[in-house]
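Close look at the chain arrangement
Here is how the chains run, residue by residue.
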Amino acid sequence: PNAPVGTVAALKGTASVIRDGAEVMKPVLLNSPIYQRDIFKTGENSKIKLKFLDDSMVSLGANTTMRVSKYVYSPKQKKRSAFITIPEGIFRMVVSKFLPNSRFEVQTATAVSAVRGTDWMGFASESSTSIFVANGTVSIKSGNKGIEGELILTEGEGTVVKLDEVLSFKKKWGQAKVSDYVGRTTID
């Protein structure tokens, strides 16, 4: 059976979900379950916070789409395999528990981010992905298979990944930009 992988922990405004195989979007309710392959969409001026079984949190700001492509957590084996797809929008992830044999990856149109126990944020569009690390480490690879290499971001660093450009730069983000991302993804 398809067991839930988490619950909706907070909701401001409106959000909807398409369940695996369904053709209609349904409104998301507070405390409703999250399943693998669910696709969430937030409305205008809306935010949602999703809490997964391993206590990792994913917050989505307005006009964001996210697919729970895969989320498997085994506390006994101390393993997690998570793959989240965000084609567009603003998001924040607080990944709990660094588990050595685990993967937590987020794919956007232009980047694949592999997380190593961290708090980080991003904004995805078709042409670029901005990523900022508040705490911990994130490994970034281009979503373009023709571009090799990876960029490692650590606390306070951010980058922008464009589809046809080599990963080359990272820089400290200013407090105003960080505060904007935090504000757009935090539900009071």
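Structure: see above.
What counts and what doesn't
- Residues numbered from 1 in each chain as written.
- Predicted model: local features only at pLDDT ≥ 70, side-chain atom pairs only at ≥ 80, totals over all residues.
- Heavy atoms only, no water.
- Helix = DSSP H or I, 4+ residues; strand = E, 2+ residues; numbered from the N terminus.
- Rg over C-alpha atoms; globule rule 2.2 N^0.38 Å.
- Buried < 20%, exposed > 50% of the residue type's maximum accessible area, 1.4 Å probe, protein only.
- Areas by Shrake-Rupley, 256 points an atom, 1.4 Å probe, with all protein chains shown as cover.
- Salt bridge = Lys/Arg side-chain N within 4 Å of Asp/Glu carboxyl O.
- Pairing = 2+ DSSP bridges.
- Phe/Tyr/Trp six-rings, centres within 6.5 Å; stacked < 30°, edge-to-face > 60°.
- Lys NZ or Arg CZ within 6 Å of the ring centre and 35° of its normal.

**A short note on the overall build of the protein chain**
For the protein chain, the helix and strand inventory stands at 1 helix and 15 strands. The C-alpha radius of gyration of the protein chain comes to 16 Å, within 12% of the 16 Å expected for a compact globule of 188 residues. Evaluated residue by residue, the protein chain yields a buried proportion of 47% over its 188 residues. Split by element, the accessible area of the protein chain, about 9,400 Å² in all, is 52% carbon and sulfur.

**Observations regarding the pattern of salt bridges**
Within the structure shown, the criterion is met by 7 salt bridges. Across the salt bridge formed by Arg92 and Asp119, the nearest N and O atoms sit 2.6 Å from each other. Of this pair, Arg92 sits in strand β9 (residues 79–94) while Asp119 sits in strand β11 (residues 111–124), and the two are 27 residues apart along the sequence. Considered together, Arg92 and Asp119 belong to a single accessibility category, that of buried residues.

**Some points on the pairing of strand β1 (residues 6–12)**
Bridge analysis of β1 against strand β6 (residues 47–52) gives 6 bridges, and the strand direction is antiparallel. Among the inter-strand pairings, Leu11 is bridged to a residue of β6, identified as Ile48. One ladder, built from 2 bridges, connects β1 with strand β4 (residues 33–34); its direction is antiparallel. Across the sheet, the residue bridging to Gly6 is Ile34, located in β4.

**Quick look at unusual backbone geometry**
Even without glycine at this site, Arg37 takes up a positive phi of about 75 degrees. Inspection of the secondary structure puts Arg37 in the loop between β4 and β5 (39–42). A residue is classified by how much of its surface remains accessible, and Arg37, at 32% relative accessible area, is partly exposed. Backbone geometry at Asp55 places phi at a positive 75 degrees, although glycine is not the residue there. Mapped onto the elements of the fold, Asp55 is located in the loop between β6 and β7 (57–60).

**Let's talk about the pairing of strand β8 (residues 65–74)**
Pairing between β5 and β8: 3 bridges, direction antiparallel. Residue Ile39 lies in a different strand from β8, and its bridge partner there is Arg67. Direction of pairing for β8 relative to β9: antiparallel, over a ladder of 8 bridges. Note that in β9 the partner of Val72 across the bridge is Ser81. Between β8 and β9, which pair antiparallel in sequence order, lie 4 residues; one of them, Lys78, sits at a positive phi of approximately 50 degrees.

**A look at the packing of aromatic side chains**
Throughout the structure, instances matching the rule amount to 5 aromatic pairs. Both rings, one in Tyr71 and one in Phe104, keep their centres 6.0 Å apart while their planes meet at 85 degrees; by these two values the pair is edge-to-face. Remark: Phe104 occurs in strand β10 (residues 103–107) and Tyr71 occurs in strand β8; sequence separation between them is 33 residues. Per residue, the accessibility class of Tyr71 equals that of Phe104, and both read buried. Through a chain of ring-to-ring contacts, three or more aromatic side chains come together here, namely Phe52, Tyr71 and Phe104. Taking NZ or CZ as reference, Lys177 lies 4.2 Å from the ring centre of Trp173, over its face.

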